[in-house]
Amino acid sequence: MAAQFHLAYSSEVQGAAIVAAGPVYCAANSLQTAFAHCLNQPNSTPDLTAAKAYLEAQQQTGGIDALENLADDKVWLFHGSKDTTVAAPVSDALAAQYQSLLPKNNVVYIKDKPFAHHFPTNHQNGTDCTASTAPFIGNCGYDAAGALLSHLLPGLKPRSDKASGQLLELDQVGLAPKAKGQLGATGYLYLPQSCSQGQSCRLHVSFHGCKQYAGAVGDVYARLTGLNEYADSNQLVVFYPQADQSVMNPNGCWDWWGYSGEHYATKNGAQMQAVKQLVDVLQGRR
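Basis of the calculations
- Residues numbered from 1 in each chain as written.
- Predicted model: local features only at pLDDT ≥ 70, side-chain atom pairs only at ≥ 80, totals over all residues.
- Heavy atoms only, no water.
- Helix = DSSP H or I, 4+ residues; strand = E, 2+ residues; numbered from the N terminus.
- Rg over C-alpha atoms; globule rule 2.2 N^0.38 Å.
- Contact = heavy atoms within 4.5 Å.
- Areas by Shrake-Rupley, 256 points an atom, 1.4 Å probe, with all protein chains shown as cover.
- Lys, Arg positive; Asp, Glu negative; His and termini not counted.
- Charge placed at Lys NZ, Arg CZ, Asp CG, Glu CD.
- 1 Å grid on protein atoms, 1.4 Å probe; cavity = no way out; pocket = protein on both sides within 12 Å on 5 of 7 lines; lining within 4 Å.
- Points joined across faces, edges and corners; volume = space filled by probe spheres on them.
- Axes fitted to C-alpha atoms, helices over the stretch in contact; angles between N-to-C directions.
- Parallel < 35°, antiparallel > 145°, perpendicular 65-115°, else oblique.
- Left-handed = near helix turned anticlockwise from the far one by under 90°.
- Nonpolar A, V, L, I, M, F, W, Y, C, P; charged D, E, K, R; others polar.
- Pairing = 2+ DSSP bridges.
- Salt bridge = Lys/Arg side-chain N within 4 Å of Asp/Glu carboxyl O.
- Buried < 20%, exposed > 50% of the residue type's maximum accessible area, 1.4 Å probe, protein only.

1. Remarks on the overall build of the chain
Each helix and strand in the chain was counted, giving eleven helices and ten strands. Since a compact globule built from 286 residues should have a radius of gyration of about 19 Å, the 18 Å found for the chain is in line with a globular shape. Projected onto the principal axes, the alpha-carbon positions of the chain cover approximately 45 × 45 × 40 Å. Across the chain, contacts joining residues at least 24 apart in sequence account for 70% of those joining residues at least 6 apart. Accessible area for the chain stands at about 12,600 Å²; split by element, carbon and sulfur atoms hold 48% of it. In the chain, the 18 positive side-chain charges and the 22 negative ones have mean positions that sit 3 Å from each other.

Quick look at the structure:
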């Protein structure tokens, strides 16, 4: 979802960091393709040629912003070598896709860490780094939040010792009508003291993974990735939008295969529009 949102709204989004995922439009609106080539099969072969053709066609019709907007963006990618949820060839394909769209020096791809499928941290509040278990925040001795933000934001200041801002609950549907039927009822916003006191702050959007939505883990993802501590010292507001589970989406994943409609990876996608409307509200545009 982070990569989809980045490519769709590249005129506004300035970069992306993605943990353990495949290329944009890997599933090609097919659950069968998703299982065969976008998850844990070691012989997966994501069709990057077809994905490229799709993105170029969407660019021509306004489904995504012009790909030339990516020229000065930074992208940080991560895949743990003990990840059995997303196979290495799938994450490799995402790296190849971004390397074809951005200057290669702008893309960092970390894939030599023996971690399972989760968001790795260097605090003691997570689970075993070699196992993929709820809430999928790994105690790995590795500061992924700091690593990704250092790449995206040159001159990043050290994190605060403890998050001192406010973690606010947002009425996603009340704030954004497009969220009705597409997102969970409650999202989260981390607001540092400096931002609440009037300093100019940037907005960082952090999408949870499958099985990490609020209905499954509460606000744990919004509290424990380590992003908030960096937000405090770097004038960042962090928005944690929340998907929800359904019959077609029992694990509360963001739509990367088409359960919300065939245009899921574009600006015409229902979830994409809902998150964009929330972002616009938070930035005072609506």
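2. Observations regarding empty space enclosed by the protein
Counted by the stated rule, this structure contains one cavity of 30 Å³ or more. Taken as a whole, the largest cavity spans an internal volume of roughly 30 Å³. Around the largest cavity, the lining residues are Ile18, Ala20, Ala21, Leu77, Phe78, Ser91, Leu94 and Tyr109. Listing elements by their share of the lining of the largest cavity, those giving two or more residues are β2 (74–78) and α4 (88–101).

3. Regarding the packing of helix α3 (residues 48–61) against α4
For the pair α3 and α4, the least separation of the axes is 11 Å and the interaxial angle reads 45°. One finds that α3 runs oblique with respect to α4. Our pair here, α3 against α4, has a crossing hand that is right-handed. For the pair α3 and α4, the contacting residues are Leu48, Ala51 and Leu55 in the first and Ala93, Ala96 and Gln97 in the second. Here the residues of the contact of α3 with α4 sort into five nonpolar, one polar and no charged.

4. Considerations on the side chain of histidine 6
The residue histidine 6 is located in helix α1 (residues 2–8) in this model. Apart from the residues lying within four places of it in its own chain, the contact partners of histidine 6 are Val13, Gly15, Ala16, Leu70, Asp73, Val75 and Tyr98.

5. Here's the deal with the sheet that holds strand β1 (residues 15–19)
Taken together, three strands build an open sheet; the order of strands is β1-β2-β3 and the sheet is parallel. Looking at which strands have only one partner, the edges of the open sheet turn out to be β1 and β3 (107–110). Between one strand and the next, the sheet's axes are offset by a mean angle of 5°, whatever the strand orientation. The strands touched by α4 within the sheet are β1, β2 and β3, with β3 carrying the most contacts at an inclination of about 170°. Contacting β1, β2 and β3, helix α5 (residues 144–152) crosses the sheet at an angle of about 155° to β2.

6. Here's the deal with unusual backbone geometry
The omega torsion of the bond from alanine 134 to proline 135 falls at 5°, within 30 degrees of zero and hence cis. Locating proline 135 in the fold gives a position in the loop between β5 (127–128) and β6 (137–139). In this structure, lysine 211 takes a positive phi of about 70° despite not being glycine. When you line up the elements, lysine 211 lands in the loop between β9 (202–205) and α8 (214–217).

7. Side note on the pattern of salt bridges
Considering all chains together, one arrives at six salt bridges under this definition. Between lysine 111 and aspartate 92 there is a salt bridge whose closest N-O contact spans 3.8 Å. With lysine 111 in the loop between β3 and β4 (119–121) and aspartate 92 in helix α4, this pair connects stretches of sequence that are 19 residues apart. Between arginine 223 and aspartate 219 there is a salt bridge, with its nearest N and O atoms 2.8 Å apart. For arginine 223, a relative accessible area of 38% translates into the label partly exposed. When its relative accessible area of 27% is taken as the criterion, aspartate 219 is described as partly exposed. By sharing partners, the salt bridges in this structure join Glu12, Lys276 and Asp280 into a single network.

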